[in-house]
Structure formats: C-alpha cells, structure tokens
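Remarks on the overall topology
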Amino acid sequence: MRTELDFAPLYRSSIGFDRVFNLLNNAQRLQAVDLWPPYDIVKVGDDDYAITMAVAGFSQSDLDVTQERNVLIIKGTKAEKKEGEYLHRGIGGQSFERRFELADHVHVETASLSDGLLRIVLKQEVPEAMKPRRIEIGNGTAAPPLQIESDKQVA
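Our subject in this report is the structure included herewith. (Residues numbered from 1 in each chain as written. Predicted model: local features only at pLDDT ≥ 70, side-chain atom pairs only at ≥ 80, totals over all residues. Heavy atoms only, no water.)

1. Examining the pattern of salt bridges
All chains considered together, the criterion is met by three salt bridges. Measuring nitrogen to oxygen at the nearest pair gives 2.8 Å for the salt bridge that ties Glu97 to Arg99. Accessibility expressed as a relative area gives 39% for Glu97, which makes it partly exposed. Residue class for Arg99 comes out exposed when judged on its relative accessible area of 51%. Across the pair Arg134 and Glu136 runs a salt bridge, and its minimum N-O distance is 4.0 Å. Assigned by exposure class, Arg134 and Glu136 land together as exposed. (Salt bridge = Lys/Arg side-chain N within 4 Å of Asp/Glu carboxyl O. Buried < 20%, exposed > 50% of the residue type's maximum accessible area, 1.4 Å probe, protein only.)

Shown next as structure tokens:
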C-alpha cells in the first residue's frame, strides 16, 4: 500500500523551501529502485562527504562524472566485447547513469578510480553572506547622525 504525502500544510508555514518539497514529491514518484552499480555515501566531516561506487571492469575512459547545478551525474558506458558464448554472466558491465541531488553549495572536490572503486569527494561550502550572523538588538533610539565639523577660521 502506497500513500502520497501532502505537503500543502508545510507551504503555509515555510518560505523558500519549494525546492525541498519538489525533491520530496519526486522521490515519492520513483518507480523502480535501481541497485546497480552499488554505492556508499559517507559523511566524512561536518561539511565533507564521499560517494564510493563499485564499477568493476570500467576504466577511466568508460566513466563520466559531471555536476550540473545541484545534480551530480555519473555515467558508465562500456563497449560490448564479443569474447565467446557466455554460459553465466555475473560481472555487471552494462551501461548506467546514476544521479544524486546535491544540496546548495555542494561541489565535487575530486574523483578517483582505484581497484574498481570510483570515489567522489564532495564539500559543502556555504558563503560567508549566507552563514548565520548575530543581530544586535537596539534600545529603540536612533543613533545621532554624524556631523562634519566645518573648519574654524582663526581671527
């Protein structure tokens, strides 16, 4: 049994979260969960993340990692080699495309391929202007305007 969540009440009490609600709505509509290739997402630090994806049999030239705005796209395309008739095929080699939604200000720092594992390091860097800042509360009186003193003439 599947029910869709109604986010309408949240729209009444929040401002600027439209993108989050759209992401949640899109996640509800996902049909099938694709489990290949397997991957891990690890939070390494407060603002650091890593995605490790098992891509056995793929070389660097077979993989493409791109970031478009807030979406990380990992594509793997492998040319089919005819090595004979397969009696069992257990090593995945089909083409794939995996997308990850990224939060604002998250960017890819590095991507590396070693021992059949693709590792992508991500960092979230919030600009100073967007970080929380303390607002001083005044006592209700305005500060006196600054006055420029004119040069005094000496007689």
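2. Remarks on the sheet that holds strand β7 (residues 117-124)
Spatial strand order, β1-β2-β7-β6: four strands in an open sheet with antiparallel pairing. Taken across any chain shown, the strands that pair with only one partner, and hence form the sheet edges, are β1 (39-43) and β6 (106-114). Pairs of neighbouring strands in the sheet enclose a mean axial angle of 15 degrees, with direction left out of account. Pairing of β1 with strand β2 (residues 48-54) involves five bridges; the strand directions are antiparallel. Opposite Tyr39, over in β2, you have Met53 as the bridge partner. (Pairing = 2+ DSSP bridges. Helix = DSSP H or I, 4+ residues; strand = E, 2+ residues; numbered from the N terminus. Axes fitted to C-alpha atoms, helices over the stretch in contact; angles between N-to-C directions.)

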